[in-house]
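Listed here are the chains, written in short residue letters.
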Amino acid sequence: MNRRARFRMLGVIAVMAALALSASPAMAATHTAAASAYTCSGGEIPSGTYASLSVTGGCAVAAGAEITVLGSVSVAAGAALDAQSAPATISIARNVTGGAGSLVALGCQPPEYTGNSAHPCTVDPAGHSTISVGGNITVTGAAAVLLNGITVHGNVTLTGGGSEIPWAIKNNRIDGNVTITGQQTEWLGLMFNTIGGNATLTKIALSDAHPGAPGVYIVRNTVARNLTCTALTPGVSGGFVPGSVNVVGRNATGQCAALV
């Protein structure tokens with residue numbers, strides 16, 4: 001799948017999500033004067049300070065929203081959290097988790113910020129998100145995970161899952177480890193990230209019939225420790241720019257040994 005087709009796919013996803021949101025209850029929440037738990041079963045998540053945030057349906061953040069979560073965010077099995085279509089400021093003190101068949105999508109930014117690796121906000125292509133996660137992002141069996149230009153102070157662990165939606169982990173600062181394993185999906189890229197620990201990619205099988213350059217994209221990451229890649233099919237790709245390599249503080253091993 002070429003870059004233009006991928007962006008078209010993401011635009012379709014945004015439209016489908018909007019249609020789903022319009023057909024579902026606006027939201028279910030519990031509010032008191034103090035911060036309390038908030039549950040979104042469908043619709044837009046407004047600005048506010050919440051003790052925790054649970055997503056159980058198709059939910060998106062409002063454009064320009066300022067959201068503070070004092071605890072964790074959980075995306076239930078089959079639910080969708082779309083924080084990639086509209087610019088917003090989101091601070092999550094603890095963790096983000098996602099269940100089977102979920103969509104976890106955080107962050108957008110214009111080309112002026114990141115060049116051709118940008119993921120523009122659908123609602124406002126000139127806008128950008130500011131999103132931070134104080135703990136870990138842990139997602140199991142998701143339909144797709146998209147992390148674009150966010151800060152994660154813990155680890156990112158993505159296990160299993162996949163769909164026709166391309167997975168993109170790019171332009172992020174991740175202070176801990178990145179572990180991506182067991183996906184059977186159309187396309188997956190780990191690109192332009194600064195990773196404070198190890199990056200490990202294992203047992204990922206891609207099914208894109210027209211990938212441009214075949215394999216899992218592992219492009220221009222800065223990894224403080226080790227970069228390890230095994231059992232990635234049909235292989236790995238360092239992207240299209242000659243000399244565009246990953247920078248690794250310790251060792252690059254397996255299929256990624258040649259990508260430094």
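Keep in mind it's a predicted model, so treat the numbers as computed, not measured.

Details of the overall build of the protein
- Summing up its helical and strand segments, the protein has two helices and 28 strands in all.
- For the protein, buried positions account for 48% of its 260 residues.
- Carbon and sulfur atoms form 57% of the exposed surface of the protein, whose accessible area is close to 10700 Å².

Notes on the nonpolar core
- Core analysis: the largest hydrophobic core is formed by 62 residues, its most contacted members being Ile45, Leu106, Ile137, Ile180, Leu201, Ile218 and Leu227.
- In contact with Ile180, not counting residues within four places along its chain, are Leu158, Ile169, Leu188, Leu190, Thr200, Leu201, Thr202 and Ile204.
- Counting residues in each nonpolar core, the second largest holds five residues, with Trp187, Met191, Tyr217 and Val219 among its members.

Re the environment of Asn171
- Here Asn171 lies in the loop between β16 (167-170) and β17 (173-174).
- Apart from the residues within four sequence positions on either side, Asn171 is in contact with Gln109, Thr114, Ser117, Ala118, Gly149, Ile150, Met191, Phe192 and Asn193.

Structural notes on the sheet that holds β17
- The nine strands are arranged β3-β5-β8-β11-β14-β17-β21-β24-β27 in an open sheet whose pairing can be described as parallel. Edge positions in the sheet fall to β3 (48-50) and β27 (247-248), since each has one partner strand and no second.
- With two bridges joining them, strand β21 (residues 194-195) and strand β24 (residues 222-223) adopt parallel strand pairing. The residue bridging Thr194 from the neighbouring strand is Thr222, located in β24.

Describing the pattern of salt bridges
- Under the defined criterion, the tally for this structure stands at one salt bridge.
- One salt bridge in this structure joins Asp175 and Arg173, with 2.8 Å as the shortest N-O distance.
- Look at Asp175 and you get partly exposed, because its relative accessible area is 30%.

Some details on the packing of aromatic side chains
- Counted under the stated rule, the structure contains two aromatic pairs.
- Relative to Tyr217, the ring of Trp187 lies with its centre 5.2 Å away and its plane at 55°, an arrangement referred to as tilted. Taken together, the positions of Trp187 in the loop between β19 (184-185) and β20 (188-191) and Tyr217 in strand β23 (residues 216-219) put the pair 30 residues apart, joining distant regions of the chain.
- Given the relative accessible area of 6%, Trp187 is considered buried.

Quick notes on the confidence of the model for the protein
- Residues with a pLDDT of 70 or more make up 86% of the protein, whose mean pLDDT is 88.
- For the stretch residues 1-12, pLDDT sits under 50, and the model shows 20 contacts to residues farther than four places along the chain or on other chains.
- The low-confidence segment residues 14-33, where pLDDT is below 50, has 32 contacts with residues more than four positions distant or belonging to other chains.

A short note on the pairing of strand β12 (residues 137-140)
- Burial along β12 is one-sided: the face carrying Ile137 and Val139 is buried and the face carrying Thr138 and Thr140 is not.
- In the sheet, strand β9 (residues 96-98) pairs with β12 via three bridges, with the strands oriented parallel. Considered in β12, the bridge of Thr97 is made with Thr138.
- Two strands pair when backbone bridges link them, and β12 and strand β15 (residues 156-159) are joined in this way by four bridges, in the parallel orientation.

Some words on the state of the cysteines
- Counted by the stated rule, this structure contains three disulfides.
- Between the sulfur atoms of Cys40 and its disulfide mate Cys59 the distance is 2.1 Å. A torsion of -105° about the S-S bond marks the disulfide between Cys40 and Cys59 as left-handed. On the criterion of sequence distance, the pair formed by Cys40 in strand β2 (residues 37-45) and Cys59 in strand β4 (residues 52-61) is long-range, its members being 19 residues apart. Cys59 shares its class with Cys40; the two are buried.
- With its sulfur 1.9 Å from that of its partner, Cys229 forms a disulfide with Cys256. Taking the sign of the S-S torsion, -75° for the link of Cys229 and Cys256, the bridge is left-handed. Placement of the pair is Cys229 in strand β25 (residues 227-233) and Cys256 in the segment after β28 (252-254), with a sequence separation of 27 residues.

A look at the side chain of Asn193
- Relative to the helices and strands, Asn193 resides in the loop between β20 and β21.
- A polar contact of 3.0 Å, which involves the side chain of Asn193, links it to the side chain of Asn172.
- Once residues within four sequence positions are removed from consideration, Asn193 is found in contact with Ile169, Lys170, Asn171, Asn172, Arg220, Asn221 and Thr222.

Definitions and cut-offs
Residues numbered from 1 in each chain as written. Predicted model: local features only at pLDDT ≥ 70, side-chain atom pairs only at ≥ 80, totals over all residues. Heavy atoms only, no water. Helix = DSSP H or I, 4+ residues; strand = E, 2+ residues; numbered from the N terminus. Buried < 20%, exposed > 50% of the residue type's maximum accessible area, 1.4 Å probe, protein only. Areas by Shrake-Rupley, 256 points an atom, 1.4 Å probe, with all protein chains shown as cover. Core = buried A, V, L, I, M, F, W, Y, C linked by side-chain atoms within 4.5 Å. Contact = heavy atoms within 4.5 Å. Pairing = 2+ DSSP bridges. Salt bridge = Lys/Arg side-chain N within 4 Å of Asp/Glu carboxyl O. Phe/Tyr/Trp six-rings, centres within 6.5 Å; stacked < 30°, edge-to-face > 60°. pLDDT = per-residue confidence, 0-100. Disulfide = S-S within 2.5 Å. Polar contact = N/O pair within 3.5 Å; in protein donor to acceptor, adjacent residues only side chain to side chain.

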